[in-house]
Amino acid sequence: MSLVTVEGVTLSIGDTPVLNGVSLEIAPGEVLGLVGESGSGKSMTALSVLKLLPVGARVAGQIAFDGRDIIAASEREMVALRGDEIGMIFQEPMTALNPLMTIGDQVAETARIHTRVGRSEARALAKAMLERVGLPHDRIAHTRYPHELSGGQRQRVGIAMAVVLRPKLLIADEPTTALDVTTQAQILDLLRGLVRDEGMALMLITHDLAVVAGMADSIAVMDKGVVVERGTVLEVLQAPRNAYTKKLIAASTHVPVRQRGKQGGALLEVEGLCKDYALPRTSLFGPHETMRAVDHVSFTIKAGESVGLVGESGSGKSTLARAILGLETVTAGHVLLKGQAVHAAGRAAFATLRDMQMVFQDPYGSFDPRQKVGRLVAEPLHLLGSGAPKGAALEGRVDSALKAVGIEPGMADRYIHEFSGGQRQRIAIARALIIEPALIVLDEAVSAIDVSVRAQILDLLADLGDRLGHAYLFISHDLGVVRAITDRVLVMAGGKIVEAGPTADVLERPAHAYTKTLVAAAPRLAG
């Protein structure tokens, strides 16, 4: 018997159709993977089950939860269901949690709202559930606030809030997208255990087919508001019938075609690099203690080479990247780009910036929304000083950079909010390319975008590297991306490079115990 039945549901917001005849079922104890690209209707389907729809939304069809008519239910009835019988885990726990409440109080609040238990009993329930999700009070005090926790720990708090009353249905919307592979594996194991032990149903919304392959019993594939294919994991992933499903699977295992063997001499040289941070004093007259974030790191990147940098959150990857770019002072060691010291004083260091550019994970957050795309792409040209192009030459330079990444030059007059996520990332790459740098550093640049867009971006980067000779440093928690696009990989843990070598050798035959843990934790869809 089905716990959730969605039958022929259509949804529109204003004059815009969002869902068109969506049908799916979830049984108690079943994990349904709801997959598709951004805008496919996955999240709106989940919100329809919760009846948390935008103002002006019109819905028709049938949605039944445990025999109750959701569409006909009053808001009072839905308030009683949400958090009690239906739990929700959001993608970004930092925005879902209250920054002014301790984590213990937030989990206890859910219990107090939906039951008649007192404050002490609610706190006991919260304590037990936080321990259940791997946050015992003796290790992570329940009096902490969300900003005092890591991303994985915050996600565990979100899970504790969603399941403290042991709901019959748990909806998880991209719960592991921004997490490193070992934390992701821990969260998925936790969800799998909750389903097994509590008998709850799980609707897992994700764009990662490898996660679905390891977690779900059945899959529903959505495209443009329509469920285009349904079936068991084996049926859909091993013998897909729909062209869109085949496209998603191909994109998930896509490896760009690259022309190798064009590498030159040493471009970036990092030698004995250390970075210490001062810690707060434990007492007024106590000693100044430090924490070493980067510990005697040395490596070289050749001209035209693509190198991956992998490791868990807190391993030192981002600090190392900022030091390479000259955005962090260093405690010891040096960084040379084309033989010039990045951390030298005066104009010598400024000149090295022309040969390095950065592409960030969130392109929207790295752009000024008040400026048009043409001006945004042209920003790095100020590094050329008096040699920067002006007038028609400037427009031509911007047009060429946009064309190189597949954006029509006529779009330069638009604002960044008028573009999709994949287009924004292409524009971010165009901005990095416009001064023709020798090295481009990409910090989780494709981790949060759809698999088909990711495949296009990787193809683009491979092509640009072949044609223009760029070297890349890919910082990523996605070992699939690193496997697809890099020549060599550096594995970082505790501020040190613990293993380095050709990508295939390191990821297929890891030597270090930490690398073996990373590789074992990474979900992988056989290609």
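Residues numbered from 1 in each chain as written. Predicted model: local features only at pLDDT ≥ 70, side-chain atom pairs only at ≥ 80, totals over all residues. Heavy atoms only, no water.

- For the chain, an unreviewed UniProt entry supplies the name Peptide/nickel transport system ATP-binding protein and the organism Pelagibacterium luteolum.
- The chain has a UniProt comment under Subcellular location (unreviewed entry) that states "Cell inner membrane". (UniProt positions renumbered as here; feature names shortened; annotations may be inferred.)

## Description of the packing of helix 4 (residues 103–114) against helix 5 (residues 119–132)
Here is step 1 of the chain: Remark: helix 4 packs on helix 5, axes separated minimally by 8 Å, with the N-to-C direction vectors making an angle of 115 degrees. Crossing of helix 4 against helix 5: the hand is right-handed. For the pair formed by helix 4 and helix 5, the contact residues are Ile-103, Gly-104, Asp-105, Val-107, Ala-108, Ala-111 and Arg-112 on the first element and Arg-119, Ala-122, Arg-123, Leu-125, Ala-126 and Leu-130 on the second.
Here is step 2 of the chain: In the contact of helix 4 with helix 5, the residues fall into eight nonpolar, one polar and four charged. (Axes fitted to C-alpha atoms, helices over the stretch in contact; angles between N-to-C directions. Helix = DSSP H or I, 4+ residues; strand = E, 2+ residues; numbered from the N terminus. Left-handed = near helix turned anticlockwise from the far one by under 90°. Contact = heavy atoms within 4.5 Å. Nonpolar A, V, L, I, M, F, W, Y, C, P; charged D, E, K, R; others polar.)

## Quick notes on helix 16 (residues 451–468)
Here is step 1 of the chain: Taking 1.5 Å per residue as the helical rise, helix 16 with its 18 residues ought to reach 26 Å, and the 25 Å between its terminal C-alpha atoms agrees with that figure.
Here is step 2 of the chain: Most of helix 16 is tucked away, with 13 of its 18 residues classed as buried.
Here is step 3 of the chain: Once helix 16 finishes, Gly-469 follows within two positions and takes phi at roughly 80 degrees, a positive value. (Expected span 1.5 Å × (residues − 1). Buried < 20%, exposed > 50% of the residue type's maximum accessible area, 1.4 Å probe, protein only.)

## Thoughts on the sheet that holds strand 15 (residues 340–341)
Here is step 1 of the chain: If you walk across this open sheet you meet the four strands as 12-11-14-15, and the pairing is antiparallel. Every other strand in the sheet has two partners, leaving strand 12 (290–302) and strand 15 as the edge strands with one partner each.
Here is step 2 of the chain: Two elements, strand 11 (residues 266–278) and strand 12, share nine bridges in a ladder whose sense is antiparallel. Bridged to Val-270 within strand 12 is Phe-299.
Here is step 3 of the chain: Across the sheet, helix 11 (residues 317–324) touches strand 11, strand 12 and strand 14 (332–337), and the angle it forms with strand 11 is around 120 degrees. (Pairing = 2+ DSSP bridges.)

## So, the pairing of strand 11
Here is step 1 of the chain: Across five bridges, the pairing between strand 11 and strand 14 is antiparallel. Looking at the pairing, Val-270 lines up with Val-335 of strand 14.

## Brief notes about the nonpolar core
Here is step 1 of the chain: Ranked by internal contacts, the top residues of the largest apolar core, which has 54 residues, are Val-157, Ile-159, Val-163, Leu-170, Leu-191, Leu-202 and Ile-219.
Here is step 2 of the chain: Looking at this core element by element, the count peaks at six residues for helix 7 (residues 181–198).
Here is step 3 of the chain: Excluding residues within four positions of it along the chain, Leu-202 makes contact with Glu-30, Val-31, Leu-32, Leu-170, Ala-172, Leu-191, Val-195 and Met-215.
Here is step 4 of the chain: Ile-407, Ile-427, Ala-430 and Phe-474 belong to the second largest nonpolar core, which has 41 residues in total. (Core = buried A, V, L, I, M, F, W, Y, C linked by side-chain atoms within 4.5 Å.)

## A few points about the domain arrangement of the chain
Here is step 1 of the chain: Taken as a whole, the chain is organised into domain 1 (293–355 + 443–526) and domain 2 (367–436).
Here is step 2 of the chain: Its C-alpha centre places domain 1 at a distance of 25 Å from the equivalent point of domain 2.
Here is step 3 of the chain: On the side of domain 2, eleven residues touch domain 1, which itself brings twelve residues to the contact.
Here is step 4 of the chain: For the pairing of domain 1 and domain 2, the buried interface totals around 1,100 Å² over both sides, and the portion due to carbon and sulfur atoms is 69%.
Here is step 5 of the chain: For the domain 1 face of the interface with domain 2, the top three residues by lost area are Arg-354, Ile-457 and Leu-460, together amounting to 40%.
Here is step 6 of the chain: Between the two partners, domain 1 and domain 2, sit zero salt bridges. (Domains from an automatic or database assignment. Buried area = accessible area lost by both parts, 1.4 Å probe. Salt bridge = Lys/Arg side-chain N within 4 Å of Asp/Glu carboxyl O.)

## Structural notes on the pairing of strand 4 (residues 57–65)
Here is step 1 of the chain: Pairing of strand 1 (residues 4–13) with strand 4, which is carried by eight bridges, proceeds in the antiparallel orientation. Looking at the pairing, Ile-13 lines up with Ala-57 of strand 4.
Here is step 2 of the chain: Here strand 4 hands over to strand 5 (residues 68–69) after two residues, with Asp-66 in that stretch at a positive phi of 50 degrees.

## Things to note about the pattern of salt bridges
Opposite charge on two side chains lets them pair, provided their charged atoms get close.
Here is step 1 of the chain: Scanning all chains against the criterion turns up 27 salt bridges.
Here is step 2 of the chain: Between Asp-295 and Lys-496 there is a salt bridge, with its nearest N and O atoms 2.8 Å apart. Of this pair, Asp-295 sits in strand 12 while Lys-496 sits in strand 20 (residues 496–502), and the two are 201 residues apart along the sequence.
Here is step 3 of the chain: On the basis of relative accessibility, which here comes to 15%, the residue Asp-295 falls in the buried class.
Here is step 4 of the chain: Between Asp-413 and Lys-372 there is a salt bridge; the shortest N-O distance is 3.1 Å. Taken as a pair, Asp-413 in the loop between helix 14 (391–404) and helix 15 (421–433) and Lys-372 in the loop between strand 16 (356–359) and helix 13 (373–378) lie far apart in primary sequence, 41 residues in all.
Here is step 5 of the chain: For Asp-413, a relative accessible area of 51% gives the class exposed.
Here is step 6 of the chain: Put simply, Asp-66, Arg-68, Glu-85 and Lys-168 are held in one network by salt bridges that share partners.

## Re the packing of aromatic side chains
Here is step 1 of the chain: Taken as a whole, this structure holds one aromatic pair when the rule is applied.
Here is step 2 of the chain: Look at Tyr-472 and Phe-474: their rings are 5.6 Å apart centre to centre, the planes differ by 55 degrees, and that puts the pair in the tilted class.
Here is step 3 of the chain: When its relative accessible area of 4% is taken as the criterion, Tyr-472 is described as buried.
Here is step 4 of the chain: Overall, the relative accessible area of 4% leaves Phe-474 in the buried class.
Here is step 5 of the chain: Lying over the aromatic face of Tyr-277, Lys-275 brings its terminal NZ or CZ to 5.1 Å of the ring centre. (Phe/Tyr/Trp six-rings, centres within 6.5 Å; stacked < 30°, edge-to-face > 60°. Lys NZ or Arg CZ within 6 Å of the ring centre and 35° of its normal.)

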